[in-house]
Amino acid sequence: MVAAIKNPGWWRGLFGAIAFGAFGFGLVIALRAISDLPLYQTEQTGYPHVIVPAITAPLGFLWGFGCFDYWLRWAAGMPTIPEDHSQHGAKSWKDYFRFNTDHKVIGVQYVVTTFIFFFLGGLMAMLIRAELAQPGTQIVEAATYNSLFSTHAVLMIFVFVIPVFAGLANYVLPLMIGAPDMAFPRLNALSFWMLPLAGILFIGSFLAPGGAFDAGWTGYAPLSTGAPLGQSFFNLGVQFAGASSIATALNFLVTIITMRAPGMTFWRMPLLVWANLSTSLLVVAATPFIAGVQFMVLFDRALHTNFFDFGAGGDVISYQHIFWFYSHPAVYIMMLPGFGIVSEVISTHARKPIFGYRLMALALIGIVVLSYSVWAHHMFVAGMFSWLRVPMMITTLLIAVPTGIKIFSWLGTLYFGKIHTYSTAMLFALAFIVTFTIGGISGVMLGMVPIDIHVSDTYFIVAHIHFVLFGGSVFTIFAGVYHWFPKMTGRMYDEKLGRVHFWGTLVGTWGTFIPMHWVGMDGMPRRVADYAAQFGDWNLLISAFAFLLGAVQLVFVYNMVVSWRFGPKAGANPWRANSIEWQVSSPPPIFNFTEIPRVVGGPYEYGIPGAKHAIMAGEGTEAEVPAGEKSVVGTGS
Amino acid sequence: MYGRLPIVKMLLVTIASTVVISAVMVQINWDGQQASTAAPKIDHLLNVMIVLSAFVFSLVMVMLFYALWKFKAKPGDESDGEPIHGNTRLEIAWTLIPTIIVLFAGGYSWKVLDEIENPKDGALTVSVFSQQYAWSFAYPGKEYAWSEGELHVPVDRQVVFKMHALDVIHSFWVPEWRIKKDNVPGITTKAIVTPDKEGTYQLVCTELCGFGHATMRAKVVVESRAKFNKWVDGLDQKLPEPMMKVLEDTTTENPPALGAGGA
């Protein structure tokens, strides 16, 4: 028992959480006692004896779990434990439940954890659709309904879509650039372990007096500053999820910039690497804004700082400006990695180089730059300065241009190729082009101020965001999971079940989200538990398709779990792809490469006789390199 | 090599599909009944967008399905496609053409925006007050005669709504008018509407404001000038004290009109 507490792990983590939590609680009570205040402050925005432990207990867990051990020893001048790679790689399933610094283990940890949150958020969506199947309130009362859709959105955004991309990239990106690991493996592990803590805070808010946070995922002040205790859990959960994303983004930036294999110039990077470079640029600069604004809300609630208190000189609309200055770039944080996945999948399965590779990379950078200048299009009816609407409209519409370039380039990649559709990954990538085009079109309509004035805050918005986030991001996530499943697990999944999952998801997505456009334009506002009877039939139909969409995800779970355990063994390169991760075994060896590969050409040189992307260990001789390099230099010429 | 593609046929199918989709979709009255001068303008803008969108959507679909039909690999074919890396002219075209389309959409939207928000002389001013979970309205011309839960306005006269929220953000939306504006605590927001059809409508709150959000509604009556004047004269309540205070506290107008000092 003593040893269990002494060594980092779950027991010391539990001990740390309890000890740090008790310290936070005791500190609050002691300070209140010496200040002659009532020990427990239970106004709904107060509860310092809950908020402070909710900060210290997760930190205590991270300490106990061993996330800080190396750094603390170093900072304290103690002898650091020499790296014996005991925290690297996974020999059994138990190693996935430890503090592990191997990017491949962390990648799997990320993907599995985020999918658990995906299914919890999905269950909430099912409850929401059950309530909305009929006008009137049947299943949950209005306040609980508000908590449900708020938590649904927060789980999906902060602990599913954003981190699952970080997880997929964690696994494949170092392999793709020929690096043995990420630049900062310990920081990488810390980033992962902050994520479940964020999820637990979000879900734990259901236990708070007054219920889970219910001001929407947007948490607009002053509704959020006056909301019950659950809102504080949201404010804190965002800190952990945000810190996790920022640390991961820094890690990706340093890894991509400094750890590419010899010969991998920027113009030889696979587009998935470009996509994660762009995403990370967005995360490091934008995420501090949401972290800041949620602290401001927390301080308004607990410390009466009055940032957004209109009666005390605060400014209500400034919340929305700061929030959207993060949350619009966040839309691209949730989409750019998916663009990268789709590029890899389409090029591989069409057996063709990416059409217009350099313009594809530049379009990503264009989106990064433009996405910082469009945030106020979420506020066309918010009462902000009216002249600001026109420039924001123009930049918003212009962002359709780089996005359009990507769509047309994927289509161009298909032409004169040999398109294979046996892989479920390719089906999802192709369907993504269709659904994302529709989501893009409704996005352009929303960017036009007069149309937005009518449909803002209606079901049209709900339809649009689900078309881009489900039909867009989630389709690319499925494509990525199916595509790299053989690499990650060393086994093949069942393509027949994959097809059932694909077609069910496609029909479910369209059936659920297309009619939402119509009821929204016709007058149904969003975020309502009850609605006018005239929308009843459409909502029943929407709910029916939503249940289909939910049910068919079980096929996906079954396929993944059973194939991981019993699927046929996968070879190193089942898709006959060119990029480096497919040139090593499935799953790859512990430090990825026995010898760092040398990159001699572009990543998508399909159809060029003798072209090579990289020379792996034991392959080729010095004499052969120049010839290979010569034949494959150009892209996009 | 693009000569090998039936570009003319693909374009013809795209145009045919655009025509069919547009013809069907423009017929449908998506936004519901029109009851203000802004409504036909916004609906027309939507129809223009539907035609442009139908073209873009058709183009993508024709390009995608032709490729899937024509370039699908035969079973067992393990060869690669042709190593085409790009085509500069094509890439310039699909950068420039969408830019032109969206700039047109932006310019047209700006024009419509100016038209629907153009202030006229002789407009009626109505103060709107929102709070969890009720609407009320005051008529400054009648020394703040006050109506709770029922808004009356005359037909064919421009109305300027000056909006105030007492607790959290609410949003004022009459779908038939196509006009929406948030009511924000601490500032006065403004919306301009010219109702042009008599009838009874519903005012819907569209900004999440708490557990009663879904049922925060008010009745809107658009009636002849005579009936309206009679109704206002019949109001016997004066504006309650807390709302009077909000009016006095938030005299500055936010947002200022375009070109009127604020721009």
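Residues numbered from 1 in each chain as written. Chains lettered and ligands numbered in written order. Predicted model: local features only at pLDDT ≥ 70, side-chain atom pairs only at ≥ 80, totals over all residues.

> So what exactly am I meant to see when it comes to the pairing of strand β5 (residues 159-165) of chain B here?
Regular strands place their side chains on alternate faces of the sheet. Residue and element names in this part refer to chain B. Burial of β5 is extensive: 6 of the 7 residues sit out of reach of the surface. Of the pairings in the sheet, the one linking strand β1 (residues 124-131) to β5 comprises 7 bridges and is parallel in character. Residue Val126 lies in a different strand from β5, and its bridge partner there is Phe161. In terms of strand pairing, β5 meets strand β8 (residues 189-193) through 5 bridges, oriented antiparallel. When the bridges of β8 are listed, Val159 appears paired with Val193. (Buried ≥ 20, exposed ≤ 12 C-beta atoms within 10 Å, placed from the backbone. Helix = DSSP H or I, 4+ residues; strand = E, 2+ residues; numbered from the N terminus. Pairing = 2+ DSSP bridges.)

> Would you take a moment to explain the confidence of the model for chain A for this structure?
One rule of thumb: low pLDDT means the predicted coordinates there are not for detailed reading. Residue and element names in this part refer to chain A. In this model, chain A carries an average pLDDT of 92, and 97% of its residues clear a pLDDT of 70 or more. Averaged pLDDT values over the elements of chain A bottom out at 43 in helix α20 (residues 625-631) and peak at 97 in helix α11 (residues 336-350). Of the regions scoring below 50 in pLDDT, residues 623-637 engages in 34 contacts with residues more than four places distant in sequence or in other chains. (pLDDT = per-residue confidence, 0-100. Contact = placed C-beta atoms within 7 Å.)

> Would you explain the domain arrangement of chain A in this entry?
How big an interface is tends to be stated in terms of the accessible area lost upon association of its parts. The domains assigned to chain A are domain 1 (2-75), domain 2 (108-333), domain 3 (335-522 + 544-570) and domain 4 (584-637). The interface is formed by 11 residues belonging to domain 2 of chain A together with 15 residues belonging to domain 4 of chain A. (Domains from an automatic or database assignment.)

> Can you walk me through the confidence of the model for chain B in this structure?
Residue and element names in this part refer to chain B. Of the residues in chain B, 93% have a pLDDT of 70 or more, and the chain-wide mean is 90. Here residues 258-263 scores under 50 on pLDDT; set against residues more than four positions off or in separate chains, the count is 9 contacts. Two numbers describe this predicted complex: its pTM, 0.94, and its ipTM, 0.93.

> What is the right way to read the interface of chain A and chain B from this model?
Counting residues at the interface gives 79 residues for chain A and 71 residues for chain B. Sorting the residues of the side of chain A that touches chain B by element identifies α6 (142-176), α10 (316-333), α12 (357-371), α13 (389-398), α14 (400-414), α15 (424-447), α16 (449-455) and α18 (495-521) of chain A as the ones contributing at least two each. At 8 residues, α14 of chain A tops the list of elements feeding residues into the side of chain A that touches chain B. For the side of chain A that touches chain B, the residue count by class is 52 nonpolar, 19 polar and 8 charged. (Nonpolar A, V, L, I, M, F, W, Y, C, P; charged D, E, K, R; others polar.)

> When you look at α10 of chain A in this model, what are you seeing that I'm missing?
In an α-helix there are 3.6 residues to a turn, and that puts residues three or four apart on one side. All names here are of chain A. Between its first and last C-alpha, α10 extends 26 Å over 18 residues, near the 26 Å set by a 1.5 Å rise per residue. Along α10, the sharpest change in direction is near 35° and occurs at Trp324. In terms of burial, α10 is largely enclosed, as 14 of its 18 residues are buried. (Expected span 1.5 Å × (residues − 1). Bend = angle between axes of the 7 residues up to and from the residue.)

> Just checking my understanding: could you explain the sheet that holds strand β2 (residues 134-139) of chain B for this structure?
All names here are of chain B. Pairing is mixed across the open sheet formed by 5 strands, whose spatial order is β3-β2-β1-β5-β8. Only two strands of the sheet have a single neighbouring strand rather than two, namely β3 (145-148) and β8. Sheet twist, expressed as the mean angle between neighbouring strand axes with direction ignored, is 25°. For β2 and β3, the ladder comprises 4 bridges, and the chain directions are antiparallel. Residue pairing across strands places Ser136 opposite Glu148, the latter belonging to β3. (Axes fitted to C-alpha atoms, helices over the stretch in contact; angles between N-to-C directions.)

> Would you mind showing me how to read the environment of Pro597 of chain A here?
All names here are of chain A. In this structure, Pro597 sits in the loop between α19 (536-566) and β1 (598-599). Given 23 C-beta atoms within a 10 Å radius, Pro597 is considered buried. Once residues within four sequence positions are removed from consideration, Pro597 is found in contact with Gly178, Ala261, Ile580, Ala614, Ile615 and Met616.

> Which parts of the structure should I look at to understand the domain arrangement of chain B?
Residue and element names in this part refer to chain B. Each assigned domain of chain B is listed with its residue range as follows: domain 1 (2-68 + 94-116) and domain 2 (124-249). The centre of domain 1, based on its C-alpha atoms, is set 36 Å off from the matching centre of domain 2. Counting residues at the interface gives 10 residues for domain 1, matched by 13 residues for domain 2. Of the residues assigned to the side of domain 1 that touches domain 2, the class counts are 4 nonpolar, 5 polar and 1 charged.

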